[in-house]
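One letter stands for each residue in the lines below.
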Amino acid sequence: MRKAGLLIFFLILAVSVFAEDAGRKVFKAVIDERGVQKADIIGGEYFFDPNYIIVKANVPVELTIKKTTGYVPHNIIIKGLDTLTEINANIDKEPKVLKFTPRKIGKYPFYCDKKLLFFKSHQERGMEGIIEVIE
Ligand SMILES: [Cu+2]
């Protein structure tokens, strides 16, 4: 009985890992004439679109983020992109530009940390993504 439980646990784990990858919408930031990498993100219930953004290291980034219609408050939090910055911004219907220069190659999760009472957090409901910094 114990083995069966373990097997089910690993099956669920495998399925959830697969599902996470399958749900990614990938966008590679576009470098404009100023040499700035740009990407637009929309946040809403309960997603970021795109939710996998690829940027180059040591090139300034401007992420323009805005909210879909609706009254649920959202934010975006990104940690560790460079040594000083932790991005933590509310998302509004008015587009907001988040500026940073990624220094280290790697994958950096971003998410909305809003949560209503005992409900699942927005992050748990799928309001999360990854910024991948490449060379
Ligand atoms: Cu949210």
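Residues numbered from 1 in each chain as written. Predicted model: local features only at pLDDT ≥ 70, side-chain atom pairs only at ≥ 80, totals over all residues. Heavy atoms only, no water.

A. Up close: the sheet that holds strand S7 (residues 74-79). Pairing is mixed across the open sheet formed by six strands, whose spatial order is S1-S5-S11-S10-S7-S8. What marks the edges here is a single partner per strand, and that holds for strand S1 (26-28) and strand S8 (86-91). With strand direction ignored, the average angle separating the axes of adjacent strands in the sheet is 20°. Across six bridges, the pairing between S7 and S8 is antiparallel. (Pairing = 2+ DSSP bridges. Helix = DSSP H or I, 4+ residues; strand = E, 2+ residues; numbered from the N terminus. Axes fitted to C-alpha atoms, helices over the stretch in contact; angles between N-to-C directions.)

B. Broad picture of the coordination of the copper ion. All of the protein donors around the copper ion are His-74 (ND1), Cys-112 (SG), His-122 (ND1) and Met-127 (SD); their distances to the metal are 2.0 to 2.5 Å. Its four donor atoms give the copper ion angles of 87 to 137° at the centre, a pattern that matches the irregular case. Sequence spacing of the donors to the copper ion: H-x37-C-x9-H-x4-M. Remark: Cys-112 occurs in the loop between strand S10 (106-111) and strand S11 (128-134) and His-74 occurs in strand S7; sequence separation between them is 38 residues. Look at His-74 and you get buried, because its relative accessible area is 1%. (Donors = N, O, S within 2.8 Å, 3.2 Å for Na, K, Ca; no water. Tetrahedral: all angles 85-135°; square planar, octahedral: opposite > 155°, others 65-115°. Buried < 20%, exposed > 50% of the residue type's maximum accessible area, 1.4 Å probe, protein only.)

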